[in-house]
Amino acid sequence: MEYDTIRAVDPDVADALEAEVERERDTLEMIASENFVSEAVLEAQGSTLTNKYAEGYPGERYYGGCEHIDTVESLAIERAKELWGAEHVNVQPHSGSQANMGVYLSVLEPGDKILSLDLTHGGHLSHGHKVNFAGKLYEVEQYEVDPETGYLDYDEIYAHAEEFDPDIIVSGYSAYPRQVEWERIQEAADAADAYHLADIAHITGLVAAGEHPSPVGIADFVTGSTHKTIRSGRGGIIMCDEEYADAVDTAVIPGMQGGPLMHNIAGKAVGFKEALEPEFGEYAAQTVENAKILAQTFQDNGFGLVSGGTDTHLVLVDLRESHEDVTGKDAEEALEDVGIVLNANTVPGETRSPFVASGIRAGTPALTTRGFDADDTERVGELIARTINHIGDEDVKAEVAEEVQALCDANPLYE
Ligand code: DSN
């Protein structure tokens, strides 16, 4: 069999792949859930493991020829245990949403009750939004952040849990800039005799590095994405105590997924090895420091922030406080025009549609991976503020775009 390059086989896709590398190089990537994996992780994900079916788990597969697959999956599991300290780990979920589905299927019946944070307050679709499987299969009530402070109101969550009597409480969020007090959520779960799922999708890397307190050992289940702050192969992960191991593993396969994406699991194994190196701790600390600098720069430029700042890798700007007529979408588009990529985001008390939204969410994981330090990040914050303050001004747009390119050139990516 002869092999050809993508360029030879499919120039259209080759063009798009090359254009994407250029786009990643020449823009400031500030979507809080994105990151840049190493070339070693890319190599693992592009490997022949994509060819292999391996339903089952290491040592117990439904297919032959799994000896190398077993090595890779076992390494991913052992490294994950070392990173997060969990008793049991399942690295097969195809995504963070799939990880949450695996947990629900392991301990809930259709019609059971979920208590989770509202999407517009920082939650996630898979925590029970009505358009999502979780909202269709289960009875869901949602808590909100305190409208005055933007912080979680743990007393309110406790009272809500006592009243609603949920079967599971979901903590862990997609747009919450503050540290989560896992014990306080656990108290509410205990009061309702409910399970507690902590979804650390966004902060897997921060938790592994000790930059955010860990819910492992507090919550019954911890789920995450493996390509966000932890910067490994794409997908999801479930962690739990040994007592739930069989229920979780059975829920994932045969309960919900077929063959594991072994090329992605190889990427997880490689990324987890990288995250066990001391440099990863420095990276995670710099990611949080950069987010704090970004928050301060926004505030110095008159922008309002949900919760007034950040403890994590992301900042949530409430544009209503400074720019009544600029929507999140307006800001997202103006920023993309100058080469700064982030997303419009709903904010607590949102009155616009989620496609338009009144806020923007900005994250520092990807910029920090490419080497952005405190000074670079302050400059980025100023460029964002300048762009939003001068939407429609072509001179400002050209000046900012030039500075964005200079920052990208000074911090090269995938050379
Ligand atoms: N899409 C992710 C995020 O941006 O937060 C969540 O799945």
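Whatever comes next refers back to the structure up there.
Rules of the game
Residues numbered from 1 in each chain as written. Predicted model: local features only at pLDDT ≥ 70, side-chain atom pairs only at ≥ 80, totals over all residues. Heavy atoms only, no water. Salt bridge = Lys/Arg side-chain N within 4 Å of Asp/Glu carboxyl O. Helix = DSSP H or I, 4+ residues; strand = E, 2+ residues; numbered from the N terminus. Buried < 20%, exposed > 50% of the residue type's maximum accessible area, 1.4 Å probe, protein only. Near = heavy atom within 4 Å. Polar contact = N/O pair within 3.5 Å; in protein donor to acceptor, adjacent residues only side chain to side chain. Areas by Shrake-Rupley, 256 points an atom, 1.4 Å probe, with all protein chains shown as cover. Nonpolar A, V, L, I, M, F, W, Y, C, P; charged D, E, K, R; others polar. Pairing = 2+ DSSP bridges. Axes fitted to C-alpha atoms, helices over the stretch in contact; angles between N-to-C directions. Contact = heavy atoms within 4.5 Å.

**Q** Lay out the pattern of salt bridges in plain terms, naming residues and giving numbers.
**A** For the structure on display, the rule yields 19 salt bridges. A salt bridge links Glu 22 to Arg 25; the shortest N-O distance between them is 2.9 Å. You can see Glu 22 and its partner Arg 25 sitting in helix H2 (residues 11–26), 3 residues apart, about one turn around the helix. With relative accessibility at 39%, the residue Glu 22 sits in the partly exposed group. In this structure, Glu 187 and Arg 184 form a salt bridge, with 3.8 Å as the shortest nitrogen-oxygen distance.

**Q** Would you mind going over the site of the ligand in detail, with residue names and values included?
**A** In the vicinity of the ligand, the contacting residues are Ser 33, His 124, Ser 174, His 202, Lys 228 and Arg 361. Interatomic distance of 2.8 Å between a side-chain N/O atom of Arg 361 and an oxygen atom of the ligand. Against a free-state accessible area of 240 Å², the protein chains account for coverage of 63% of the ligand. Across the shell around the ligand, the residue classes tally to no nonpolar, 4 polar and 2 charged.

**Q** Could you give me a rundown of the sheet that holds strand E5 (residues 113–117), with the residues and numbers involved?
**A** If you trace the 7 strands from one edge of the open sheet to the other, you get E4-E10-E9-E8-E7-E5-E6, paired in mixed fashion. Either end of the sheet is taken by a strand with one partner, and the two such strands are strand E4 (88–90) and strand E6 (139–143). For this sheet the average axis-to-axis angle between neighbouring strands, irrespective of direction, equals 20 degrees. Contacting E5, E6 and strand E7 (168–171), helix H7 (residues 154–164) crosses the sheet at an angle of about 155 degrees to E6. Its contacts with the sheet put helix H8 (residues 182–192) on E6, E7 and strand E8 (195–199), and the angle it makes with E8 is roughly 150 degrees.

Remember, this is a structural readout, not a statement about activity or role.
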